[in-house]
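Close look at the chain arrangement
Residue-level listing of the chains:
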Amino acid sequence: VDDKGKLWVGTKGGLYLWQPLTENFLAVIRPDKLIPQPEKLAIQAMRQDSQKRIWLATEIGLFDMTEYQGEWHLRSWSHVKNMPQGGFDSVQDAVNGEIWLGNDLGLTRLIPEQNTARFYPALTHFGAGINFGASARGPDGSLYFGTKGLIRFLPEELRDNLRAPKVVLSDILIFNRSLHAQGAT
């Protein structure tokens, strides 16, 4: 349900809007160059942000949808620098205007106003991919994403590490035996 009380339904067969007067659903995406067969567009997740854009996480990428003169128009975000190619399974807006996307490969942060994205791979950052539709925003602005566990963070508090950390060897194994345990230095 969007901010105007409209009921949207995303399916593996397209995007539909409930029409209370006729009591049926209307397919809102029209065929065009971007989506030649909208009835085959699998919508994995949807979210409306504070700017009233409706974000669609699909099997072929991220789109936002805006209404103009009574028609709905899609815009693809696949062209954004560092945006991973392929589909997304969850989408969540942050208080600061960022859009966060999840899939089995990890998390992606999109900053729409800067046209930039950053990908955080699952295996090196949190051990497992993001589950289908498993995202939420808490009252304090924290974002939650479901994996084999739960990821919680405040996007405003994230900082990139601009300097690589020091490499420290804590042990060396030869044939699964520690050199340190044998008294070697």
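Here's what I pulled together on the structure shown here. As the structure is a prediction and not an experimental result, all values here were calculated from the model.

A few words on the sheet that holds strand β2 (residues 14-19). Strand order in this open sheet of three strands is β1-β2-β3, and the pairing throughout is antiparallel. Looking at which strands have only one partner, the edges of the open sheet turn out to be β1 (8-11) and β3 (24-27). Averaged over all pairs of adjacent strands, the angle between their axes in this sheet comes to 35 degrees, without regard to strand direction. The pairing of β1 with β2 spans four bridges and is antiparallel. By the bridge assignment, Thr11 is partnered in β2 with Gly14.

Here the focus is the environment of Tyr144. One can find Tyr144 in strand β13 (residues 143-146). Along the chain, Tyr144 and Leu105 lie 39 residues apart, while their C-alpha atoms are 16 Å from each other. Other than its neighbours up to four places away in sequence, Tyr144 contacts Ala134, Ser135, Ala136, Gly138, Leu150, Ile151 and Arg152. A distance of 3.5 Å separates polar atoms of two side chains, one belonging to Tyr144 and the other to Arg152.

Our next topic: the side chain of Thr147. Looking at the element boundaries, Thr147 is found in the loop between β13 and β14 (150-153). Given the relative accessible area of 13%, Thr147 is considered buried. Every residue in contact with Thr147, bar those within four places of it in the chain, is listed here: Phe126, Ala128, Gly129, Ile130 and Asn131.

Together, Val167, Leu169, Ile172, Ile174 and Phe175 line one region of the surface with nonpolar side chains, adding up to about 630 Å² of accessible area. Structurally, Leu169 is set in the loop between β14 and β15 (173-174).

One open sheet holds the four strands; their spatial order is β4-β5-β6-β7, and the pairing between them is antiparallel. Each edge of the open sheet is held by one strand with a lone partner, namely β4 (43-48) and β7 (71-76). Strand-to-strand twist across the sheet, computed as the mean angle between neighbouring axes with direction ignored, equals 25 degrees. As defined by bridge partners, β4 adjoins strand β5 (residues 54-58) across five bridges and the pair is classed as antiparallel. Paired with Ile43 across the strands is Thr58, a residue of β5.

On inspection of all chains with the given rule, the structure shows nine salt bridges. Salt-bridge contacts for Asp3 lead to Lys52; the nearest nitrogen and oxygen are separated by 3.6 Å. Residue Asp3 is located in the segment before β1, and its partner Lys52 is located in the loop between β4 and β5; the two are separated by 49 residues in the primary sequence. Residue classification places Asp3 among the partly exposed positions, given a relative accessible area of 43%.

What counts and what doesn't
- Once a new chain begins, its residue numbering starts again from 1 and follows that chain's sequence as written.
- Whole-chain, interface and lining totals are the exception, using all residues; otherwise, since this is a predicted model, local features are given only for residues with pLDDT of at least 70 and side-chain atom pairs are given and counted only at 80 or more.
- For the side-chain quantities, the full set of heavy atoms in the structure was used; hydrogens and water were omitted.
- At least two DSSP bridges between two strands are required for those strands to pair.
- By the criteria applied, helices consist of DSSP H or I runs no shorter than four residues and strands consist of E runs no shorter than two, each listed in order from the N terminus.
- What counts as an axis is a line fitted to C-alpha atoms, over the stretch in contact for a helix, and the angles between N-to-C directions run from 0 to 180 degrees.
- Note on contacts: a residue pair qualifies if any of its non-hydrogen atoms lie within 4.5 Å across the two residues.
- Identification of polar contacts relies on pairs of N or O atoms within 3.5 Å, with a donor-acceptor requirement for protein atoms, meaning one able to donate a hydrogen and the other able to accept it, and with residues adjacent in sequence counted only if both atoms are side-chain atoms.
- Residue burial is assigned from relative accessible area. The probe radius is 1.4 Å, only protein chains are included, and a residue is buried under 20% of its type maximum, exposed over 50%, and partly exposed in between.
- Candidate patch residues must exceed 30% relative accessible area and have no salt bridge, after which like charges are joined if within 9 Å and Val, Leu, Ile, Met, Phe, Trp or Tyr side chains if within 5 Å.
- What sets the accessible areas is the Shrake-Rupley method with a 1.4 Å probe; for residues, cover comes only from the shown protein chains.
- Each salt bridge in this description consists of a side-chain nitrogen of Lys or Arg and a carboxyl oxygen of Asp or Glu lying within 4 Å of one another.

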